[in-house]
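# Topology and contacts: notes
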Amino acid sequence: MDTLRIEGGQVLRPDMTVERADVLVDRDDGTILDIGTDLDADASETLDADGCLVMPGLVNAHCHVSMTLLRGYADDKELDAWLREDIWPAEAALTADDIRVGAELGLVEMIRSGTTTFADMYFDVPEIVDAVENAGLRARLGHGSVTIGKDNDDAWDDIEESIEIAREFDGAADGRIRTAVMPHSLTTVGEEYLREAAAEAHEDDIPVHYHANETTDEVDPIVEERDERPLSYAKDLGMLTERDFIAHGVHVDDEEIALLAETGTGVVHCPASNMKLASGMAPVQDMLDAGVTVGIGTDGAASNNDLDMFDEMRDAAMIGKLAADDASAVAAEDVVRMGTAGSAEAIGLPGGALEVGGVADIAVVDLDAPHLTPANDLVSHLAYAARGSDVRHTVCDGQVLMRDREVLTLDQAAVMQRARDAVAALRDRI
Ligand SMILES: [Zn+2]
């Protein structure tokens, strides 16, 4: 058997306790064989975790990975103006090669900050599929459709593309890649298209993922036009089921929170994006109290501006307390669970917990740093003090993607240079 042993570290268990243990991984099927202190098997490969915390790989549950190319391209604007004046015109000029290098740049950044799994909405998805397959991460990918401003034929083409892409690539990369049908939002896609997209997706047991209740500008028109809240509208469209997941959920009222809990729909909280675009504060503690499945996502790099899930967990804790006006809300354990198991559950992928028989998606965090000293509470450190750059090794599906800070599946320097070149050419075209 081809095995990997992660040895000498402390291990974060699913109940958020920490214990001294080694982790033995079956590299053939990518699962955890054993966790303990007296594992006797000789491993084919070892990773030194002395002085480290071994934790589940982080799960970035909402991203637009190729937007790394637009990092710092336009900042400090309201969502609507930012999209219309800056982001959409730039995205219209992106080539398939740009999407590819933008994705690879994002994947390098994720691997280097301990993220092993992500959900992504973008276009030219075959490029992203191929990049993810080669980089070794786990992902739920989809084509984001927009129908406003399009004639009926173009609108249907865009919806059909999302459905086709989802059908074609579900199960790619030996099952590491799953898909979703991804209409952009309840206001940027018309009713008939949303209804059809959801019906077709669910026919093949494929989830639907979309932005919802992100800003009041997006909620108010639905309430005015339909005399119902957005998530009630989404339920009527068949887009609020156990396999589906929404991004944001900032402006949700109590009835909508109850709907999310009742239907089992996942919510991906994106605190940095919500703060940067002044979208508002999601009532995360209320959602957790109601039993809603809540994960955490970075959103695109243009509204964050990085893909570091440690940053995102800290932001979630901070804004969660402000939103609840309660310092005990969204505690350290809650955000660490949301950034791992909560995200995995929301997007319907395995991972997010270190368990025998579970997938070997693992981040090894080096604790030997001034900002992580003393080790009073390691879960607190993950939530409030650790950074992506503290991750020493990253493992996904039993394969080592980064060893001692060196990314093994992508050529980091070459990817960065190609990204710089792509953006120089993009700026000339716009
Ligand atoms: Zn988004």
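On a predicted model such as this, the values are computed, not experimentally measured, just so you know.

### Description of the UniProt feature "binding site: substrate" (unreviewed entry) in the protein chain
The sites that UniProt annotates as "binding site: substrate" (unreviewed entry) are Glu 91, His 184, Glu 214 and Asp 299. Of note, His 184 is situated in the loop between strand E12 (182-183) and helix H5 (191-203). Using a relative accessible area of 17% as the deciding quantity, one classes His 184 as buried. Residues within four places of His 184 in sequence aside, it is in contact with Met 121, Ser 145, Val 146, Val 189, Tyr 210 and His 211. You can see Glu 214 is positioned in the loop between strand E13 (209-212) and helix H6 (216-226). Note on Glu 214: relative accessible area 6%, which makes it buried.

### Some details on the coordination of the zinc ion
Donor atoms from the polypeptide that bind the zinc ion are His 62 (NE2), His 64 (NE2), His 211 (NE2) and Asp 299 (OD), placed at 2.1 to 2.2 Å. Here the donor residues for the zinc ion map to a single chain with the spacing H-x1-H-x146-H-x87-D. In this pair, His 211 sits in strand E13 while Asp 299 sits in the loop between strand E16 (294-296) and helix H11 (309-324), placing the two residues 88 residues apart along the sequence. The exposure classification of His 211 matches that of Asp 299, with both residues buried.

### Regarding unusual backbone geometry
Residue Asn 305 is bonded to the preceding Asn 304 through a cis peptide linkage, with omega at 10°. In this fold, Asn 305 is placed in the loop between E16 and H11. For the peptide bond that leads from Thr 373 to Pro 374, omega is -5°, which places it in the cis range. By the element assignment, Pro 374 lies in the loop between strand E17 (362-366) and helix H13 (378-384). The phi torsion at Val 330 lies on the positive side, around 40°, for a residue other than glycine. Turning to its location among the elements, Val 330 is positioned in the loop between H11 and helix H12 (332-347). Of note, Asp 404 is a non-glycine position whose phi angle comes to about 50°, a positive value. With respect to the helices and strands, the residue Asp 404 is situated in the loop between strand E19 (399-403) and strand E20 (406-407).

### A closer look at the packing of H11 against H12
How two helices pack is summed up by the angle between their axes together with the distance between the axes. Following both chains from N to C, one finds H11 and H12 inclined at 135°, their axes separated by 9 Å at the closest point. Viewed along their axes, H11 and H12 adopt a mutual orientation that is oblique. Here the hand of the crossing between H11 and H12 comes out right-handed. For the pair H11 and H12, contact is made by Met 309, Met 313, Ala 316 and Ala 317 and by Val 335, Val 336 and Gly 339, respectively.

### Some remarks on the packing of aromatic side chains
Tallied over the full model, the rule gives 2 aromatic pairs. Where Trp 156 meets Tyr 193, the ring centres are 4.8 Å apart and the plane angle is 65°; that geometry is what we call edge-to-face. Of the two residues, Trp 156 sits in helix H4 (residues 152-169) while Tyr 193 sits in helix H5, which places them 37 residues apart along the sequence. On the accessibility criterion, Trp 156 (24% relative accessible area) is partly exposed.

### Quick look at the sheet that holds strand E2 (residues 10-12)
In space, the 7 strands of this open sheet follow the order E3-E2-E7-E17-E18-E19-E20, with mixed pairing throughout. The open sheet has two edge strands, strand E3 (18-20) and E20, and neither has a second partner. Direction of pairing for strand E18 (residues 391-396) relative to E19: antiparallel, over a ladder of 3 bridges. Residue pairing for E19: Thr 394 is matched across the bridge by Met 402.

### Focus on the pairing of strand E7 (residues 52-56)
Of all the 5 residues making up E7, 5 are buried; the element is thus mostly covered by neighbouring parts of the structure. Direction of pairing for E2 relative to E7: parallel, over a ladder of 2 bridges. Bridging from a neighbouring strand, Gln 10 pairs with Leu 53 of E7.

### Things to note about the sheet that holds E13
Taken in spatial order, the 4 strands make up an open sheet running E13-E14-E15-E16, and their pairing is parallel. A single partner strand is all that each edge strand has here, and the edge strands are E13 and E16. Neighbouring strand axes in the sheet, compared pairwise and without regard to direction, differ in orientation by 30° on average. Pairing between strand E15 (residues 266-269) and E16: 3 bridges, direction parallel. By the bridge assignment, Val 267 is partnered in E16 with Val 294. On the sheet, H11 packs against E15 and E16 and is oriented at approximately 130° with respect to E16.

### Details of the pairing of E17
Within E17, 4 of the 5 residues are buried, which leaves the element mostly enclosed by the surrounding structure. Where E7 meets E17, 5 bridges bridge the pair, whose relative direction is antiparallel. Across the sheet, Val 54 pairs through a bridge with Val 364, a residue of E17. Here 4 bridges tie E17 to E18, and the two strands are oriented antiparallel to one another. The partner of Ile 362 across the bridge, within E18, is Val 395.

### Here's the deal with the environment of Met 281
Within the fold, Met 281 resides in the loop between helix H9 (271-276) and helix H10 (284-290). Relative accessible area serves as the criterion here: at 42%, Met 281 is assigned to the partly exposed category. Met 281 sits 11 residues away from Cys 270 along the chain, and the two C-alpha atoms are 9.8 Å apart. Among residues more than four places away in sequence, those in contact with Met 281 are Val 250, Ile 319, Leu 322 and Ala 323.

Conventions and cut-offs
- Residues numbered from 1 in each chain as written.
- Predicted model: local features only at pLDDT ≥ 70, side-chain atom pairs only at ≥ 80, totals over all residues.
- Heavy atoms only, no water.
- UniProt positions renumbered as here; feature names shortened; annotations may be inferred.
- Helix = DSSP H or I, 4+ residues; strand = E, 2+ residues; numbered from the N terminus.
- Buried < 20%, exposed > 50% of the residue type's maximum accessible area, 1.4 Å probe, protein only.
- Contact = heavy atoms within 4.5 Å.
- Donors = N, O, S within 2.8 Å, 3.2 Å for Na, K, Ca; no water.
- Axes fitted to C-alpha atoms, helices over the stretch in contact; angles between N-to-C directions.
- Parallel < 35°, antiparallel > 145°, perpendicular 65-115°, else oblique.
- Left-handed = near helix turned anticlockwise from the far one by under 90°.
- Phe/Tyr/Trp six-rings, centres within 6.5 Å; stacked < 30°, edge-to-face > 60°.
- Pairing = 2+ DSSP bridges.

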